[in-house]
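Notes for the structure review
Here is how the chains run, residue by residue.
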Amino acid sequence: MTRRQLLQRLIAHLDRPLLLGIGLLLVTGLLVLYSADNASLDRPLRQLLNMSVALACMWLIANLPLHYLMRTAVPIYLLGMVLLVGVALFGEISHGARRWLNLGVATVQPSELMKIGVPLMMAWYFEKHEATLTLKNYFIAAMLLLMPIALIARQPDLGTSILILASGFYVLFLAGLSWRVMGTVFVAALASAPFIWKYMLHEYQRHRIMMLFDPSQDALGNGYHTIQATIAVGSGGILGKGYLNGTQTHLDFLPERTTDFIFAVFSEEFGLLGCLILLGMYSFVIWRGFRITANASTYFTRLMAGSITLTFATYAFVNMGMVCGILPVVGVPLPLISYGGTSMLTLLLGFGMLMSIETHKKLVRT
Amino acid sequence: MNKYAEFKNHQREIFHFQLRLVVSIGFVLLLLAILLLRFFYLQAFRHNYYQTLAESNRIAIVPIVPNRGLILDRNGVVLARNYSGYTLEINQNKTTDMEATINELSTLVEITSKDRRRFKKLLAESHDFDTLMIRNRLTDEEVARFAAQQYRFPAVEIKARLFRDYPFGEKTAHLVGYIGRINEADAAQLEANDLAANYRGSDYIGKTGLEQSYESDLHGTTGIEQVEVDAGGRPVRMLSHTAPVSGNTLVLSIDSKLQEIAEQSFGNYRGALVAIDPNNGEVLAFVSKPGYDPNPFIDGIDSQSWDELNNSPDVPLNNRALRGQYPPGSTIKPFMALAGLKFRTRKPEQTISDPGVFSLPGSSRQYRDWKAGGHGSVNMFKAIQMSCDTYFYGLATELGIDNIFDYLSRFGFGNKTGIDLEGESSGLLPSQDWKMKRFQQIWYPGDTVSVGIGQGYSLVTPTQLAFATATLANDGMAYKPHLVKEVRSSFGEQKRLIASEPLNDLHIEKAGLDLVKKAMVAVTQPGGTAVYASLGTPYHIAGKTGTAQVVAMKQGEKYDEKKVDERLRDHAWFIAFAPAEEPRIALVVLAENGGHGGGTAAPIARKVLDYYLLGKIPKPLQEVTEKEGSEHD
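These remarks concern the structure in this document. (Residues numbered from 1 in each chain as written. Chains lettered and ligands numbered in written order. Predicted model: local features only at pLDDT ≥ 70, side-chain atom pairs only at ≥ 80, totals over all residues.)

With that settled, consider the overall build of chain B. Within chain B one finds 22 helices and 23 strands. By the burial criterion, 41% of the 633 residues in chain B qualify as buried. Long-range pairs, those at least 24 residues apart, make up 74% of the contacts in chain B between residues at least 6 apart in sequence. (Helix = DSSP H or I, 4+ residues; strand = E, 2+ residues; numbered from the N terminus. Buried ≥ 20, exposed ≤ 12 C-beta atoms within 10 Å, placed from the backbone. Contact = placed C-beta atoms within 7 Å.)

Put into structure tokens, the structure is as follows:
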């Protein structure tokens, strides 16, 4: 085998357009991180390490044939449920919430696993009952979604449970849940909103939503984030203040600027033009995801690919919306840009699946 | 189903899916449009507004840290206070060569190796702190010397700050505790409890003792100052000001003089003393010996001093009164006697004959009485007075472990008392269930025998035993022990009283109670085990001595205090309340490796009782007080 052939085989299962989009976002992320970290190489280098690990995992998943992927659905989901129940019973209370489980060797946060596990399980379930889908099947799928959500919401981790709810809802939607049922549930949800507000949300969660309407209420705490981030975005103007020149960033006005609020750094320094380019990059990745979805060969892969793509779009929207003050501050990182290893890994595992779905379809097409 | 239908179905399904996909794309486009509109609005339409905000930014929101609340004893004596002083702080971001800066600084002001070690530790732990303290408590001279040379040190600044100080030092260390720098774990905890906003600007948080358990009272509410700053970050003018609210003052039920006397009465003994007012649960003295000086902990103790404290064989950092677990020994006997009366196992006048050993029927194992040859003919009164083991071996066997567990747990044994300090131990009151869970073994009759004299598996904390003694002294009416009497605002007005409602009433029969109390008075009278405790007192002391074994003796072997290594000697207990007829104070003394309770623990108790009931100050202390007095003359 020549070197060329070897290389060809190594990258055979990597989808080029998707890889290009991801690569552009990752490089942008490193550049912004360097600025956000006050021109220090400390975090960018660690982030580079996170990326390498996550990319290697993506490559592995991309090379995994689809029937293997399907076979992992039930074990991953069951493992996730067992761990979530374990958290509820024996979880370690840290930071006032019960989210972590100490397994002796390592401490894990099972809700992170369920970001992939839930849509995977639901897609698997629909594939199994593809031929005879009735309302009952949708109901069971919804239960598969709501059980982990309930466990995660009571940890309490509202941000994660809403995002998993979204990814599971996308599977239901793509699987053809009737508009009438969706409408009914939506109306019922609206009607029960006052009840949820009063009895099911924690004080701090209500506080965060209230703050959205009047950030100055809490100028020292959460409102401070929103006020300063909005100033950063707005003062960026059309062309931005220039790389490494953001005053909000470099005079320490911006909180959490390497993680959840990194978009404020970006838009302060690169302005509206930069934001348009960034939205372009995200749109490119999302467009490619939809293409892969449309071309997917089986019911399972269609649902999975669609859910991954839509969830990715949701993450990006929620984070940017939160930074520019149209959504409440829920701890969601900007996908592929924010500093942090866990979300990087989860996202790239998803993209690995997309790539596997795209590159293995010829082999299973019937 | 024929092939045609299946095929058609498949096509329809694909069509439906494509439809949904188109809706999804529409949804994403909608989200994109929302973001685009928002970006245009902020960055193009409102750009000038935000530009101005950012330019003149600069409105800095500066937190004003509230003064931490004071801690006073019941008479208003200060146990924790704040004083203002100067610190020297280095801005991490403005200096490139930290080592050189510090070396140059040390030519102006003294920087000890302790200061350097502490700074290194702070540096390693710091994240967002932009400035770190290198020296605290500068003298006026040092401040002047540095101020003259300040231009040479752009990264170093002098700050005026409030410092926490514990005037009683190690005497109240285990009680008051200390504050320390907020570390990452504390910060995460604050974040989770949504308190991070109120702690902006705060560097300290309660770490142990009352400083920890009453943190929410002591901290206060952070004020906000909106100031305009120039591009360099220096304040130009103030825009708005919300004053901070100082933390609340804690008024303890502790009597600091009593605490001091108790502490000093221990001499070189390690141990603990807890004194409670049985009528309301107020803790009057709370001592764990040895103590440690909490003051160095405030700004991060350097690792060398920490190691010395942490590795000392005396474990000064261990709060023995709260967390130390010891076998109760013979101090359990009055409670066992009450159990015997409650379950009608023994009548008060019933006598047994004590040959000096006890054996279960059909067993050759011998349980020895502490007195070789035994006490002869013994009834309940005498059994308590002379601490007869054989009587209680038999009583425990007749009661059975289930009844013992049932009755003793009513006095709080085996449970936390709920005193207002964190980290209390719960002791151990053994039961059949417990043994099965712990050792997967059934309960043997032999296990019950040693429980009867407070040995075997039984463990108590000094706080727990004090609570039980106070309950007994107050005729079975239990009050939760508490160190804080009331919380006041910084202006002195009362905010709340710490509960002194009774927890529960054990409904002990009066006759039995009288008998046990009289027997406990007899303990401190001629013929009892602690005669010297009440020699010449104008009031009656009800007491009980106890010895907790550190090493178990083999069958037939005899314990000889002189032959045993000092640290393996028995622990001495003494529980007491006085005046016996109308108790105003109940206390527990534990002297580690003190041998017999009557010899070492009881005299400590006597000094405390004499001061509390008669105002008498013991000799060695008297000399100190007189000396202090003459200095003022």
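Here we come to the overall build of chain A. Each helix and strand counted, chain A has 15 helices and 3 strands in total. Sorting the 366 residues of chain A into buried and exposed places 46% on the buried side. A sequence separation of at least 24 residues applies to 71% of the contacts in chain A between residues at least 6 apart.

With 37 residues of chain B at the contact, the number on the chain A side is 42 residues. For the side of chain B that touches chain A, the elements supplying multiple residues, two or more each, are α1 (3-45), α2 (47-55), β1 (59-64) and α7 (184-192) of chain B. A total of 15 residues in the side of chain B that touches chain A trace back to one element, the largest contributor, which is α1 of chain B. When grouped by side-chain class, the residues that make up the side of chain B that touches chain A number 21 nonpolar, 10 polar and 6 charged. (Nonpolar A, V, L, I, M, F, W, Y, C, P; charged D, E, K, R; others polar.)

Let us look at helix α19 (residues 462-473) of chain B. Residues and elements named next belong to chain B. Its 12 residues place the ends of α19 16 Å apart at the C-alpha level, agreeing with the 16 Å of an ideal helix rising 1.5 Å per residue. Counting buried residues in α19 gives 12 out of 12 residues, a clear majority hidden from the surface. Along α19, the residues classified as buried are Pro462, Thr463, Gln464, Leu465, Ala466, Phe467, Ala468, Thr469, Ala470, Thr471, Leu472 and Ala473. Where the residues of α19 are buried, they touch β11 (271-277), α12 (320-323), α13 (333-342), β17 (477-479), β22 (571-578) and β23 (585-591). Looking one or two places after α19, you find Asp475, whose phi comes out positive at around 55°. (Expected span 1.5 Å × (residues − 1).)

Within a regular beta strand, the side chains point alternately toward one face of the sheet and then the other, so they alternate between its two faces. Residue and element names in this part refer to chain B. Pairing of strand β2 (residues 71-72) with strand β3 (residues 78-91), which is carried by 2 bridges, proceeds in the antiparallel orientation. Note on β3: the bridge partner recorded for Leu72 is Val78. Two successive antiparallel strands, β2 and β3, enclose a turn made up of 5 residues, where Gly76 displays a positive phi of approximately 90°. In terms of strand pairing, β3 meets strand β5 (residues 156-165) through 10 bridges, oriented antiparallel. Residue pairing for β5: Ser84 is matched across the bridge by Leu162. (Pairing = 2+ DSSP bridges.)

We now examine the nonpolar core. Ranked by internal contacts, the top residues of the largest apolar core, which has 122 residues, are Leu273, Val274, Leu587, Ala605 and Val608 of chain B. Top element by residues in this core is helix α21 (residues 597-614) of chain B. It accounts for 8 residues. With residues up to four places along the chain from it excluded, the contact list for Leu273 of chain B reads Ala262, Ala285, Val287, Leu587, Val588, Val589, Ile604 and Val608 of chain B. By size, the runner-up hydrophobic cluster in this structure holds 104 residues, among which are Leu33, Leu177, Ala232 and Phe312 of chain A. (Core = buried A, V, L, I, M, F, W, Y, C linked by C-beta atoms within 7 Å.)

Attention now moves to the sheet that holds β23 of chain B. Residues and elements named next belong to chain B. In spatial order, the strands read β12-β11-β23-β22-β21; together these 5 strands make up an open sheet with antiparallel pairing. Each having just a single partner strand, β12 (282-289) and β21 (542-548) make up the two edges of the open sheet. Taken over all neighbouring pairs, the strand axes of this sheet differ in orientation by 5° on average, direction set aside. Here 7 bridges tie β22 to β23, and the two strands are oriented antiparallel to one another. Residue pairing in the sheet places Ala576 in a bridge with Leu587 of β23. Packed onto the sheet, helix α10 (residues 256-265) meets β11 and β12 and runs at close to 30° relative to β12. (Axes fitted to C-alpha atoms, helices over the stretch in contact; angles between N-to-C directions.)

What is expected of a backbone is that most residues other than glycine have negative phi and most peptide bonds are trans. With an omega dihedral of -5°, the bond running from Lys289 of chain B to Pro290 of chain B counts as a cis peptide bond. In this structure, Pro290 of chain B sits in the loop between β12 and α11 (303-311). Note the cis peptide between Ala578 of chain B and Pro579 of chain B, where omega equals -15°. Within the fold, Pro579 of chain B resides in the loop between β22 and β23. Look at Leu336 of chain A: it is not a glycine, yet its phi comes out positive at around 70°. Looking at the secondary structure, you find Leu336 of chain A in the loop between α13 (299-323) and α14 (341-359). Taking the number of C-beta atoms within 10 Å as the measure of exposure, Leu336 of chain A has 27 and is therefore buried.

It is worth spelling out the environment of Thr463 of chain B at this point. All names here are of chain B. Looking at where Thr463 falls in the secondary structure, it is placed in helix α19. In this structure Thr463 comes out as buried when scored by C-beta crowding, with 30 C-beta atoms within 10 Å. For the pair Thr463 and Phe286, spaced 177 residues apart in sequence, the C-alpha to C-alpha distance is 8.6 Å. Those residues in contact with Thr463 that sit more than four places away from it in its chain are Val274, Ala321, Leu322, Thr417, Ile419, Glu424 and Pro481.

Here we take up the environment of Asp314 of chain B. Relative to the assigned elements, Asp314 of chain B resides in the loop between α11 and α12. With residues up to four places along the chain from it excluded, the contact list for Asp314 of chain B reads Arg270 and Pro290 of chain B.

Our focus in this paragraph is the pairing of β21 of chain B. Residue and element names in this part refer to chain B. Of all 7 residues making up β21, 7 are buried, and the element is well covered by its neighbours. Of the two faces of β21, the one carrying Ala542, Lys544, Gly546 and Ala548 and the one carrying Gly543, Thr545 and Thr547 are both buried. Relative to β22, β21 runs antiparallel, the two being bridged by 7 bridges. Within the sheet, the bridge partner assigned to Gly546 lies in β22 and is Trp573.

Residue and element names in this part refer to chain A. Running from amino to carboxyl end, helix α5 (residues 110-128) crosses helix α7 (residues 158-174) at an angle of 15°, the nearest separation of the two axes being 9 Å. The angle between α5 and α7 falls in the class roughly parallel. In this structure, α5 crosses over α7, and the sense of that crossing is right-handed. On α7, the residues touching Ser111, Met114, Lys115, Val118, Pro119, Met122 and Ala123 of α5 are Thr160, Ile164, Ser167, Gly168 and Val171. The residue inventory of the contact of α5 with α7, partitioned by class, reads 7 nonpolar, 4 polar and 1 charged. (Parallel < 35°, antiparallel > 145°, perpendicular 65-115°, else oblique. Left-handed = near helix turned anticlockwise from the far one by under 90°.)

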